[in-house]
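Here is how the chains run, residue by residue.
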Amino acid sequence: MGFEIRRKSGILISMTDNPYQAPSAPLLDVPRSPNKNFTGYPDASIGTRFLNFVVDIICIQFLGLVVGIELIVFAPEIDIESAWINYAIGIPNFLIYYFLMEWMFGRTIGKLVTGTRVVALNSPQPSLRALLGRSFARLVPFEPFSCFDGNGWHDQWSGTRVVKVRGKTPTPIDGLT
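Residues numbered from 1 in each chain as written. Predicted model: local features only at pLDDT ≥ 70, side-chain atom pairs only at ≥ 80, totals over all residues. Heavy atoms only, no water.

## Observations concerning helix α1 (residues 46-74)
With 29 residues, α1 extends 42 Å from end C-alpha to end C-alpha; this agrees with the ideal 42 Å at 1.5 Å per step. For α1, every residue scored as buried is listed here: T48, R49, N52, V55, D56, C59, I60, G68 and L71. In this fold, the buried residues of α1 make contact with α2 (83-105), α3 (109-114), β3 (116-120), α5 (153-158) and β4 (160-164). (Helix = DSSP H or I, 4+ residues; strand = E, 2+ residues; numbered from the N terminus. Expected span 1.5 Å × (residues − 1). Buried < 20%, exposed > 50% of the residue type's maximum accessible area, 1.4 Å probe, protein only. Contact = heavy atoms within 4.5 Å.)

## Comments concerning the pairing of β4
Remember that side chains alternate between the two faces of the sheet whenever the strand is regular. Counting buried residues along β4, four of its five residues qualify, which places the element largely inside the surrounding structure. Bridging between β3 and β4 involves five bridges; their strand directions are antiparallel. Following the sheet pairing, T116 is matched in β4 by K164. (Pairing = 2+ DSSP bridges.)

## Re the side chain of T108
Within the secondary structure, T108 is located in the loop between α2 and α3. Setting aside its immediate chain neighbours within four residues, T108 contacts D56, Y97, Y98, M101 and E102.

## Regarding the layout of surface pockets
Looking at the largest pocket, its volume works out to about 810 Å³. Around the largest pocket, the lining comprises 33 residues; the ones closest to its centre are F53, I57, I60, Q61 and F94. Listed by contribution, the elements that provide at least two residues to the lining of the largest pocket are α1 and α2. Top element by residues in the lining of the largest pocket is α1. It accounts for 13 residues. In terms of residue class, the lining of the largest pocket is made up of 19 nonpolar, eight polar and six charged. (1 Å grid on protein atoms, 1.4 Å probe; cavity = no way out; pocket = protein on both sides within 12 Å on 5 of 7 lines; lining within 4 Å. Points joined across faces, edges and corners; volume = space filled by probe spheres on them. Nonpolar A, V, L, I, M, F, W, Y, C, P; charged D, E, K, R; others polar.)

Now the structure itself:
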C-alpha cells in the first residue's frame, strides 16, 4: 500500500513502506442537499455560529490588547486613544486573525471550541481566494446579523460553509460508507 509522486524535475518519490502515511481516498463530486455539504457533515447551527463569533471576538480583542501594550512600551509617543490608531490596529488584527487561522488550520479558535470547521462548497479546503474574500466580507457593516438567516454573507459570497465535525459521523453518500 503506497503511492509514487513524480515531480516536475522528473524525480520519483515513493512512499510504499511508510507506516505513518495517512490513509487517502479520492474526492467525489457528489450533489449536495441544502443542509449537507459534500462531506456529509451537517452545517453548523445558528447558536454554534454565534458562539464561534463570541469566542473569536474575545480572541481578536486580546490580540489588539497585546498590540496596544507593545505600542505603549515601544512607541510611547503614539496616541493609542486616537480613532485612527484604533482602526489601524483593529482592522488588520481582525483580517489577519480570521485569514491566517482559517488558512492554516481550517478553523479559528471559536470553531475549535465548538467542533466546527470551514469547508468549500466543492472541496474540504477552501481556496486562498475564498478565504481572503471570506475575511474581507466580514468587514461589511451588519454582516454578523446575516448569520441569523442561515449562512452569513461571508459564506455566501466566498462559496464556503461552516460544518459540525466533532461528535458527528458523515452520512453515507451514494453507497459510500
